[in-house]
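Close look at the chain arrangement
What follows is the residue order along each chain.
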Amino acid sequence: MPDVARDKFMRLMQEVDELEECVEELERKRTACRGTRDQEAVQRELDARLERLEEKRTELVRISDGCRRPHPNV
């Protein structure tokens, strides 16, 4: 029987990695198109990806925190 929590955790880690790579690429693209009409569109897409990345990181932390064993002194 597959471990559903582990699968979700691994999937989220993969999504975070992909979003981080996308953000890096968009930041390079934004720098390259500085001063052009495309700059606004790239910035909007970058902002959307950064927001999504923050959501996924928050979810990943929440799941990660829920998987830990309680501290023995608590």
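Residues numbered from 1 in each chain as written. Predicted model: local features only at pLDDT ≥ 70, side-chain atom pairs only at ≥ 80, totals over all residues. Heavy atoms only, no water.

1. Topic: the pattern of salt bridges
Applying the stated rule across the entire model yields 7 salt bridges. The residue Glu-15 makes a salt bridge to Arg-52 at a minimum N-O spacing of 4.0 Å. With Glu-15 in helix 1 (residues 4-32) and Arg-52 in helix 2 (residues 38-67), the pair connects residues that are 37 residues apart, well separated along the chain. Overall, the relative accessible area of 22% leaves Glu-15 in the partly exposed class. We note a salt bridge from Glu-20 to Arg-57, for which the minimum N-O separation is 2.7 Å. Within this pair, whereas Glu-20 is found in helix 1, its partner Arg-57 is found in helix 2, the two being separated by 37 residues in sequence. Judged by its relative accessible area of 27%, Glu-20 is partly exposed. (Salt bridge = Lys/Arg side-chain N within 4 Å of Asp/Glu carboxyl O. Helix = DSSP H or I, 4+ residues; strand = E, 2+ residues; numbered from the N terminus. Buried < 20%, exposed > 50% of the residue type's maximum accessible area, 1.4 Å probe, protein only.)

2. Quick word on a negative patch on the surface
Together, Asp-17, Glu-18, Glu-21, Glu-24 and Glu-27 make up a negatively charged patch on the protein surface. Position of Glu-18 among the secondary structure elements: in helix 1. Residue classification places Glu-18 among the partly exposed positions, given a relative accessible area of 43%. (Patch = residues over 30% accessible without salt bridge, like charges linked within 9 Å, V, L, I, M, F, W, Y side chains within 5 Å. Areas by Shrake-Rupley, 256 points an atom, 1.4 Å probe, with all protein chains shown as cover. Lys, Arg positive; Asp, Glu negative; His and termini not counted. Charge placed at Lys NZ, Arg CZ, Asp CG, Glu CD.)

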